[in-house]
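Geometric and topological summary
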Amino acid sequence: MSLNNVQLREIYDGLVSRNAHETEFLQAVLEVLESLEPVVEQRPELLEQGVIERMVEPERIVCFRIPWVDDAGRVRVNRGFRVQFNSAIGPYKGGLRLHPSVTLSVIKFLGFEQIFKNSLTGLPMGGGKGGSDFDPKGKSDGEVMRFCQSFMTELQRHIGPDTDVPAGDIGVGGREIGYLFGQYKRLRNEFTGVLTGKKVGAGGSLARTEATGYGVCYFTNEMLAAANDSFQGKTVVISGSGNVAIYANQKATQLGGKVVAMSDSNGYIYDPNGIDYQVIQEIKEVRRARIKTYLDFVPSARYVEGCAGIWTVPCDVALPCATQNELDGQAAEALIANGVKFVAEGANMPCTPQAVAAFQAAGIPFGPAKAANAGGVATSGLEMSQNSMRLNWTFEEVDQRLHQIMKDIYASAASAAEEYGMPGNLVAGANIAGFLKVADAMLWQGVSY
Ligand code: NDP
């Protein structure tokens, strides 16, 4: 641990002793506290008023049973979570994750990160996250629907358009949002913007599906521009093949890059001629098949078993877009040895602290998730605005706003890093810029919660 400030270290040690088993959450908190050292030195009232102690403790955690009936008529039980972390600048906002790896630690880490990410977007959204250890893989539509209905039967007590607005995340796409929204509407008898990621034509926003992937590339484009460079002619590696990865591929390609490798949790494909995002869309969104089947479309491509190997593929730009801690120190060294020039996180916390340290030590511009993948939640914020106004913007209008938001996020992270004596350190810059807005709102509201 490299926390020098005694009070911050005490806060962190206290957190460790109370949450020793929550490794992902502790990892996320430590990274933020390290960035805040120069801030609390300049502004001691933040510690005196307990702002940081309050910020690392969720305002509310809801944990509940989700019973549902499978196709064989058997009753199954999963565990559901909603962590309402911070509402200082707006209603709680953050996705729902359905994956067997979901634990309270994972949801707390994601909810904590969401506070700063949402703040960075410039929109009035607090931080929250939820999910369940339910695995949608291999389940029928009927099973997913019954699970979602049971999940929402409890969740609806805790959410609302002015209270907490969930969205999708891993395992929660348009299908699941539809089932969740339908159940909320049925139980509450109201059609409101209580969830984002809704179907276009039923309260959804155009460009939401594309937003996170596009946003990662808009952010990376700013990193490239700051180095007088561009995507033109760059070789790009993108891990994952889900929502974020597919649209990051589309935008990176539109901006002149060539995406040569993508993966799923089983392995990765390598296509030196460039991977067409529409083929991945067909495999993953339509057929719900494994990425290996890419070879049926492009027989000249190569498939390699094991997803971690993707980081041995030489590239100029690496965009990890799959899941947390998927790129470790060793993978970072392999990327560096193969000449990677820019790295930006599309997934949440995909790079381990060792990987981030390796990129920074090698002087490689590194875009952290909080900033680089904020385009998804930013566009969810734009969906909320459209719902409140009861009107719809065009694809171009939403995309234009998203692009501007990503440019602004880059500018505020870069300038906070500069102001606090860490020029070029976008990790620290994003943490500080996101933190200050929330901290000032908390100070203004008094010790109200
Ligand atoms: P999806 O469920 O659509 O896709 C996740 C993808 O990652 C799948 O292709 C999955 O493969 C793959 N995957 C999982 N684990 C690994 C691994 N260890 N190595 C390689 N691939 C793996 O999720 P999203 O695309 O929506 O989310 C991806 C990440 O981006 C998450 O961290 C999420 O929190 C973050 N994020 C998403 C946003 C959004 O708007 N969707 C917004 C901001 C962040 P398989 O099919 O084999 O499971």
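Conventions used here
- The residue numbering used here restarts from 1 in each chain and proceeds along that chain's sequence as written.
- The predicted origin of the model limits local features to residues at a pLDDT of at least 70 and limits the giving and counting of side-chain atom pairs to 80 or more, whereas totals for whole chains, interfaces and linings rest on all residues.
- Note that water and hydrogens are dropped before the side-chain values are worked out from all heavy atoms of the structure.
- A helix here means a DSSP run of H or I that spans at least four residues, while a strand means a run of E at least two residues long, and both kinds are numbered starting from the N terminus.
- Expected span of a helix: the number of residues minus one, times 1.5 Å.
- Buried, partly exposed and exposed residues are distinguished by accessible area as a fraction of the type maximum, computed with a 1.4 Å probe on protein chains only: under 20%, between the cut-offs, and over 50%, respectively.
- By definition, residues are in contact when any of their heavy atoms lie within 4.5 Å.
- Should a side-chain nitrogen of Lys or Arg be within 4 Å of a carboxyl oxygen of Asp or Glu, the pair is scored as a salt bridge.
- Two strands qualify as a pair provided DSSP detects at least 2 bridges between them.
- What counts as an axis is a line fitted to C-alpha atoms, over the stretch in contact for a helix, and the angles between N-to-C directions run from 0 to 180 degrees.
- Here a cavity is any set of points on a 1 Å grid over the protein atoms alone where a 1.4 Å probe fits but cannot get out, and a pocket is any open set with protein on both sides within 12 Å along at least 5 of 7 lines; a residue lines the site when it has an atom within 4 Å of a point.
- Grid points are joined across faces, edges and corners, and a volume is the space filled by probe spheres set on the points.
- Residues are grouped as follows: Ala, Val, Leu, Ile, Met, Phe, Trp, Tyr, Cys and Pro are nonpolar; Asp, Glu, Lys and Arg are charged; every other residue, Gly included, is polar.
- With respect to orientation, any angle under 35 degrees is reported as roughly parallel, any angle over 145 as roughly antiparallel, any angle of 65 to 115 as roughly perpendicular, and every other angle as oblique.
- Should the near helix be turned anticlockwise from the far one by less than a right angle, the crossing is termed left-handed; should it be turned clockwise, right-handed.
- Exposure above 30% relative accessible area and the absence of a salt bridge qualify a residue for a patch, where like charges join within 9 Å and nonpolar side chains (Val, Leu, Ile, Met, Phe, Trp, Tyr) within 5 Å.
- In these tables, accessible area is a Shrake-Rupley quantity obtained with a 1.4 Å probe, and a residue counts as shielded only by the protein chains included in the view.
- One heavy atom within 4 Å of a molecule or strand makes the whole residue count as near it.
- Pairs of N or O atoms are called polar contacts if they sit within 3.5 Å, as long as, within protein, a hydrogen donor faces a hydrogen acceptor (for residues adjacent in sequence, only side-chain-to-side-chain pairs).

1. Examining helix H15 (residues 375-389)
- The end-to-end C-alpha distance of H15, which contains 15 residues, comes to 21 Å, matching closely the 21 Å that a straight helix rising 1.5 Å per residue would cover.
- Among the 15 residues that make up H15, 12 are buried, leaving the element largely enclosed by the rest of the structure.
- The secondary structure elements touched by the buried residues of H15 are strand E3 (92-98), helix H5 (104-120), strand E5 (164-167), helix H8 (208-226) and helix H16 (395-419).
- Directly after H15, the chain includes arginine 390, whose backbone phi takes a positive value near 55°.

2. Focus on the pattern of salt bridges
- If you walk through the whole model with that rule in mind, you get 21 salt bridges.
- We note a salt bridge from arginine 43 to glutamate 45, for which the minimum N-O separation is 2.9 Å.
- Taking relative accessible area as the criterion, glutamate 45 reaches 26% and is therefore assigned partly exposed.
- A salt bridge links arginine 97 to aspartate 169; its shortest N-O distance comes to 2.5 Å. Here arginine 97 is found in strand E3, whereas its partner aspartate 169 is found in the loop between E5 and helix H7 (174-188), with 72 residues between them in sequence.
- Looking at arginine 97, the relative accessible area reads 3%, which means it is buried.
- Connected through salt bridges with shared partners, the residues Glu31, Glu113 and Lys370 form a single ionic network.

3. Quick word on the sheet that holds strand E6 (residues 235-239)
- Strand order in this open sheet of seven strands is E9-E8-E7-E6-E10-E11-E12, and the pairing throughout is mixed. The open sheet terminates on both sides in strands that have one partner only, identified here as strand E9 (302-305) and strand E12 (366-367).
- By the bridge criterion, two bridges tie strand E11 (residues 342-344) to E12 in an arrangement that is parallel. By the bridge assignment for E12, valine 343 is matched with phenylalanine 366.
- H8 rests against strand E10 (317-320), E11 and E12 of the sheet, and its axis sits at about 145° to E11.

4. Here's the deal with the pairing of strand E8 (residues 267-270)
- Relative to E8, strand E7 (residues 258-263) runs antiparallel, the two being bridged by three bridges. Within the sheet, the bridge partner assigned to alanine 261 lies in E8 and is tyrosine 270.

5. Considering unusual backbone geometry
- Positive phi, close to 55°, is recorded for asparagine 228, a residue that is not glycine.
- Within the element layout of this structure, asparagine 228 appears in the loop between H8 and E6.
- Under the relative-accessibility criterion, asparagine 228 is labelled exposed at 76%.
- In the Ramachandran plot, arginine 390 falls in the positive-phi region, its phi being about 55° despite a non-glycine side chain.
- With respect to the helices and strands, the residue arginine 390 is situated in the loop between H15 and H16.

6. Some details on empty space enclosed by the protein
- Applying the stated criterion across every chain, the model contains one cavity of 30 Å³ or more.
- Empty space within the largest cavity amounts to approximately 30 Å³.
- Of all the secondary-structure elements, those providing two or more residues to the lining of the largest cavity are helix H2 (23-42), helix H4 (51-55) and H5.
- Broken down by element, the lining of the largest cavity gets its largest block of residues, three residues, from H2.
- The class makeup of the residues in the lining of the largest cavity is nine nonpolar, no polar and no charged.

7. Some details on the packing of helix H12 (residues 329-337) against helix H13 (residues 353-361)
- In the contact formed by H12 and H13, the axes pass within 7 Å of each other and the chain directions differ by 25°. In terms of axis orientation, H12 runs roughly parallel to H13. Here H12 and H13 pass one another in a crossing that is right-handed. Contacts between H12 and H13 pair Gly329, Ala332, Glu333, Leu335 and Ile336 from the former with Gln354, Ala355, Ala358 and Phe359 from the latter.
- Looking at the contact of H12 with H13, its residues break down into six nonpolar, two polar and one charged.

8. Comments concerning a nonpolar patch on the surface
- Taken together, Val69, Val75 and Val77 make up a surface patch of nonpolar side chains, about 250 Å² in accessible area.
- Checked against the element boundaries, valine 77 lands in strand E2 (residues 75-86).

9. Some thoughts on the sheet that holds strand E1 (residues 60-69)
- Read across the open sheet, the five strands follow the order E1-E2-E4-E3-E5; overall the sheet is mixed. The two strands at the open ends of the sheet, each matched to only one other strand, are E1 and E5. Adjacent strand axes in the sheet meet at a mean angle of 20° when their direction is disregarded.
- Looking at chain direction, E3 and E5 are connected through four bridges and run parallel. Within E5, the position partnered with tyrosine 92 by the bridge is aspartate 164.

10. Focus on the environment of cysteine 307
- Within the secondary structure, cysteine 307 is located in the loop between E9 and E10.
- Excluding residues within four positions of it along the chain, cysteine 307 makes contact with Asp264, Ser265, Asn266, Gly267 and Tyr268.

11. As for the site of the ligand
- Around the ligand sit 25 residues, and of these Asp169, Thr212, Ser265, Arg290 and Asn348 come closest.
- The contact in question runs from an oxygen atom of the ligand to an N or O atom on the backbone of glycine 242, over 3.4 Å.
- Contact distances for the ligand include 2.4 Å between an oxygen atom and a side-chain N or O atom of arginine 290.
- Burial of the ligand by the protein chains amounts to 85% of its free accessible area of 900 Å².
- Only H8 and helix H9 (243-254) provide two or more residues apiece to the shell around the ligand.

Taken by themselves, the reported measurements are silent on function.
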